[in-house]
Amino acid sequence: QVRLVESGGGLVQAGESLRLSCEASGTIFSINTMGWYRQGLGNQRELVADVARAGSINYADSVKGRFTISRDDAKNTVYLQMNDLKPEDTAVYYCHARVAQSPMAQYFASWGRGIQVTVSS
């Protein structure tokens, strides 16, 4: 079993910063892609940013230049530094990872429970 636990969310004012963390634990042999998705009220879940084990990174256009994703493979942890937050960034943020539990196993998607980020204007 694999568990992803997010932390660092909260309520901030527009222009302020937050740093999200997500630690994966359990039976883990390897983690390929780690990333963050978000879902605002009435919206579909969307990719915010992800980072592959090899280092390639993707960002949603709406967060480029403001958010930075990073990972620490020794800690099985992914981070999302969010600067210059805007009210439209308000959403539940979900951690995502593609995990293999043994050398011969296929990677499967694992999700955190989500953490609320609220940005007031």
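For the structure itself, consult the block above.
Because the structure is predicted, anything quoted here is derived from the model rather than measured. (Residues numbered from 1 in each chain as written. Predicted model: local features only at pLDDT ≥ 70, side-chain atom pairs only at ≥ 80, totals over all residues. Heavy atoms only, no water.)

Asker: Any chance you could explain the overall build of the protein here in plain terms?
Answerer: Within the protein one finds 0 helices and 11 strands. Taken from N to C terminus, the helices and strands of the protein fall in the order β-β-β-β-β-β-β-β-β-β-β. The C-alpha radius of gyration computed for the protein amounts to 14 Å, which stays within 12% of the reference 14 Å derived for 121 residues, consistent with globular compactness. Taken along its principal axes, the extent of the C-alpha atoms in the protein is 50 × 25 × 25 Å. Split into buried and exposed, the 121 residues of the protein put 40% on the buried side. At a minimum sequence separation of 6, the contacts of the protein that also span at least 24 residues come to 56%. Between the averaged position of the 12 positive side-chain charges in the protein and that of its 11 negative side-chain charges there is a distance of 5 Å. (Helix = DSSP H or I, 4+ residues; strand = E, 2+ residues; numbered from the N terminus. Rg over C-alpha atoms; globule rule 2.2 N^0.38 Å. Buried < 20%, exposed > 50% of the residue type's maximum accessible area, 1.4 Å probe, protein only. Contact = heavy atoms within 4.5 Å. Lys, Arg positive; Asp, Glu negative; His and termini not counted. Charge placed at Lys NZ, Arg CZ, Asp CG, Glu CD.)

Asker: Explain the packing of aromatic side chains here, please?
Answerer: Two descriptors summarise a pair of aromatic rings, namely the distance from one centre to the other and the angle between the planes of the rings. Within this structure, the stated rule accounts for 1 aromatic pair. Geometrically, the ring pair formed by Y37 and W111 is edge-to-face, given 5.0 Å between the ring centres and 65 degrees between the ring planes. In this pair, Y37 sits in strand β4 (residues 30–39) while W111 sits in strand β10 (residues 108–111), placing the two residues 74 residues apart along the sequence. You can call W111 partly exposed: its relative accessible area is 36%. (Phe/Tyr/Trp six-rings, centres within 6.5 Å; stacked < 30°, edge-to-face > 60°.)

Asker: So what exactly am I meant to see when it comes to the pattern of salt bridges here?
Answerer: Close approach of charged atoms allows side chains with opposite charge to pair. This structure, assessed with the given rule, holds 6 salt bridges. Notably, a salt bridge pairs R38 with D89, separated by 3.0 Å at the nearest N-O pair. Of the two residues, R38 is situated in strand β4 and D89 in the loop between β8 (77–82) and β9 (91–100); the sequence distance between them amounts to 51 residues. Across the pair, D89 and R38 agree in class, each one buried. Between R66 and D89 there is a salt bridge, with the nearest N and O atoms lying 2.7 Å from each other. Of this pair, R66 sits in the loop between β6 (57–59) and β7 (67–72) while D89 sits in the loop between β8 and β9, and the two are 23 residues apart along the sequence. (Salt bridge = Lys/Arg side-chain N within 4 Å of Asp/Glu carboxyl O.)

Asker: So what exactly am I meant to see when it comes to the nonpolar core here?
Answerer: Soluble, globular proteins show a tendency: their nonpolar side chains are buried together. Counting 29 residues, the largest nonpolar core has W36, L80, M82 and Y93 as its most contacted members. For this core, the secondary structure elements donating two or more residues are β1 (2–7), β3 (18–26), β4, β5 (46–51), β7, β8, β9 and β11 (115–120). For this core, the element with the highest residue contribution is β9, accounting for 5 residues. (Core = buried A, V, L, I, M, F, W, Y, C linked by side-chain atoms within 4.5 Å.)

Asker: Looking at this structure, I do not really get unusual backbone geometry. What am I missing?
Answerer: With the exception of glycine, the majority of residues adopt a negative phi angle, and the majority of peptide bonds are in the trans configuration. Within the chain, N76 stands out as a residue other than glycine whose phi angle is a positive 50 degrees. If you trace the backbone, N76 turns up in the loop between β7 and β8.

Asker: Help me understand the side chain of S110, please; the structure alone is not making it clear to me.
Answerer: Tracing the chain through its elements places S110 in strand β10. A residue is classified by how much of its surface remains accessible, and S110, at 6% relative accessible area, is buried. The contact partners of S110, leaving out residues within four places of it in the chain, are V2, L4, C95, H96, A97 and V99.

Asker: Looking at this model, I keep getting lost on the sheet that holds β3. Mind explaining?
Answerer: Strand order across the open sheet formed by 4 strands is β1-β3-β8-β7, with antiparallel pairing between neighbours. The sheet is open, and its two borders are formed by β1 and β7, each paired with just one other strand. Going across the sheet, the axis of each strand differs from the next one's by a mean of 15 degrees, ignoring polarity. Here 6 bridges tie β7 to β8, and the two strands are oriented antiparallel to one another. When the bridges of β8 are listed, I69 appears paired with L80. (Pairing = 2+ DSSP bridges. Axes fitted to C-alpha atoms, helices over the stretch in contact; angles between N-to-C directions.)

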